[in-house]
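The chain contents come next:
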Amino acid sequence: MKRTVWRLFWSADKEEAWLNRMASKGYALTDYFWARYVFEETDPGEYIYRLDLLDGSAKSPEGTDYIRFLEGSGAELVATYMRWVYFRKKAGDGSFELYTDLPSRYARLKKLRRFYCALTTLELLCGVVNLSISLLYFWAGDAVSLINVILGFLMLAIGVTFLVTLVLPVQSQIRRVRYEMNLFEG
Amino acid sequence: MPESNERGSLTEAVYYILLSLYEPLHGYGIMQRVGEWSRGRVILGAGTLYGAINTLLEKGWIQGAAGSDVRKKEYVITPLGKKQVEDEIARLRERLDNGLRVTGGDAL
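Just so you know, these numbers come straight off a predicted model, no measurement behind them.

(A) Quick peek at the overall build of chain A. On a plain count of helices and strands, chain A comes out with four helices and six strands. Ordered by position from N to C terminus, the α and β elements of chain A give β-α-β-β-β-α-β-β-α-α. Here the C-alpha radius of gyration of chain A, 20 Å, is well above what a compact globule of 186 residues would show, namely 16 Å. Projected onto the principal axes, the alpha-carbon positions of chain A cover approximately 70 × 50 × 30 Å. Each of the 186 residues in chain A was classed as buried or not, and the buried ones make up 41%.

So this is what it looks like as structure tokens:
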């Protein structure tokens, strides 16, 4: 039995946690594309899912090299979406963590932060551009372009939301890992 | 004193990866070998291992093993890598000796 769920996530950690909750209820992800998740029914808790962000696209040489490496370690590639890759492994085969030491967790968090910062900047920039357009119309003596005002404020609001819900949490995770790195080597 | 002492210790993951590559191994083989040696204490995640292998290749501490298959690439330690392991063992021995001396743990 297939089940399709539409859902939009911005936070990779929340998305991964949700996929693992679904898997523990017996719905294992088999495909993903643009907020569309396809699940198959399995035994509850049969799979563990991990979501990772590549340096390039999944089809780039670096991307395929990494995917091949992970497949060689027994992980199964479930879906790719731009720079994101979804892997799973049977829970019966033992634990499935991609990043197991501090330096690699630190590097991963910094990559996530770059991604979230780019997303946030884009939203804020689009908001400013839209508001500027409406101001330009206004100065030119035309009627205020209401659509640009609405879009502008909407995008600024989304940008601020990204800042608070994505960038700041990852920032505090980075601070915590850096602190641990002062104490521990691994 | 060996000059690499100034560079500090290797991480546990790097130390065990280098040690496992005294014989050619592919990625999954490294994960298994390190898991066995540490009796399951050191689990190398595939993402961690991938990053470490690329860094070690860049440093010239390991290299691709001759004649290994593209799909299951094997790696092997280089003389430069062995030097790092030997320096690390000297550092570990110093740490262990001092630790036992101060805590009196050598009676255990």
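(B) Highlighting the sheet that holds strand β3 (residues 74-77) of chain B. All names here are of chain B. Sheet architecture is open: three strands sit in the order β1-β3-β2, paired in antiparallel fashion. For this open sheet the edge positions go to β1 (25-26) and β2 (62-64), each flanked by a neighbour on one side alone. Note: β2 against β3, three bridges, orientation antiparallel. From the neighbouring strand, Gly64 faces β3, where its bridge partner is Tyr75. Helix α3 (residues 46-59) rests against β2 and β3 of the sheet, and its axis sits at about 100° to β2.

(C) Region of interest: the interface of chain B and chain A. Residue-level contacts link 21 residues of chain B with 18 residues of chain A. On inspection of chain B and its partner chain A, the count reaches one salt bridge. The partner of Asp65 of chain A in a salt bridge is Lys73 of chain B, with the nearest N and O atoms 3.7 Å apart. Remark: the boundary between chain B and chain A carries seven residue pairs in polar contact (both at pLDDT 80 or more). When residues of the side of chain B that touches chain A are traced back to their parent elements, those giving at least two are α2 (27-37) and α3 of chain B. Looking at the side of chain B that touches chain A element by element, the count peaks at six residues for α3 of chain B. Partitioned by chemical class, the residues of the side of chain B that touches chain A number eleven nonpolar, six polar and four charged.

(D) View of the environment of Thr4 of chain A. All names here are of chain A. Of note, Thr4 is situated in strand β1 (residues 2-6). As a C-alpha pair, Thr4 and Val85 span 81 residues in sequence and 19 Å in three-dimensional space. Filtering out sequence-adjacent residues up to four positions away, Thr4 remains in contact with Arg36, Tyr37 and Val38.

(E) Here's a closer look at the packing of helix α1 (residues 12-20) of chain B against α2 of chain B. Residue and element names in this part refer to chain B. Where α1 meets α2, the axes come as close as 10 Å, and the angle between the chain directions of the two elements is 110°. Taken as axis vectors, α1 and α2 run roughly perpendicular relative to one another. Seen from α1, the contacting residues are Tyr16, Ile17, Leu19 and Ser20; seen from α2, they are Ile30, Arg33, Val34 and Trp37. Of the residues contributing to the contact of α1 with α2, the split by class is six nonpolar, one polar and one charged.

(F) Helix α4 (residues 146-183) of chain A, seen in detail. Residue and element names in this part refer to chain A. Over its 38 residues, α4 runs 55 Å from end to end, which matches the ideal 56 Å to within 8%, given 1.5 Å per residue. Of all the bends in α4, the largest measures some 35° and sits at Leu163. For α4, the complete set of buried residues consists of Asn148, Val149, Gly152, Gly159, Phe162, Leu166, Val167, Val170, Ile174 and Val177. In the core, the buried residues of α4 are packed alongside α3 (102-139).

(G) Focus on the nonpolar core. Counting residues in hydrophobic clusters, the biggest one holds 38 residues, and the most contacted among them are Leu18, Ile30 and Leu44 of chain B. Elements that contribute at least two residues to this core include exactly α2 (61-72) and β6 (84-90) of chain A together with α1, α2, α3 and β3 of chain B. Beyond its immediate chain neighbours, meaning those up to four positions away, Leu18 of chain B contacts Leu10, Leu56, Trp61, Ile62, Ile77, Gly81, Gln84 and Val85 of chain B. One finds Tyr32, Leu53, Tyr116 and Leu166 of chain A within the second-largest nonpolar core, a separate group that totals 34 residues.

(H) Broad picture of the pairing of strand β3 (residues 36-41) of chain A. Residue and element names in this part refer to chain A. For β1 and β3, the ladder comprises five bridges, and the chain directions are antiparallel. Each bridged residue has a counterpart across the sheet, and for Trp6 the counterpart in β3 is Arg36. Across six bridges, strand β2 (residues 27-33) lies against β3 in antiparallel orientation. Following the sheet pairing, Leu29 is matched in β3 by Phe39. The hairpin turn running from β2 into β3, its antiparallel successor, is two residues long, and Trp34 in that turn takes a positive phi close to 45°.

Criteria and cut-off values
Residues numbered from 1 in each chain as written. Chains lettered and ligands numbered in written order. Predicted model: local features only at pLDDT ≥ 70, side-chain atom pairs only at ≥ 80, totals over all residues. Heavy atoms only, no water. Helix = DSSP H or I, 4+ residues; strand = E, 2+ residues; numbered from the N terminus. Rg over C-alpha atoms; globule rule 2.2 N^0.38 Å. Buried < 20%, exposed > 50% of the residue type's maximum accessible area, 1.4 Å probe, protein only. Pairing = 2+ DSSP bridges. Contact = heavy atoms within 4.5 Å. Axes fitted to C-alpha atoms, helices over the stretch in contact; angles between N-to-C directions. Salt bridge = Lys/Arg side-chain N within 4 Å of Asp/Glu carboxyl O. Polar contact = N/O pair within 3.5 Å; in protein donor to acceptor, adjacent residues only side chain to side chain. Nonpolar A, V, L, I, M, F, W, Y, C, P; charged D, E, K, R; others polar. Parallel < 35°, antiparallel > 145°, perpendicular 65-115°, else oblique. Expected span 1.5 Å × (residues − 1). Bend = angle between axes of the 7 residues up to and from the residue. Core = buried A, V, L, I, M, F, W, Y, C linked by side-chain atoms within 4.5 Å.

Everything listed here is a matter of coordinates, which is why it stays silent on function.
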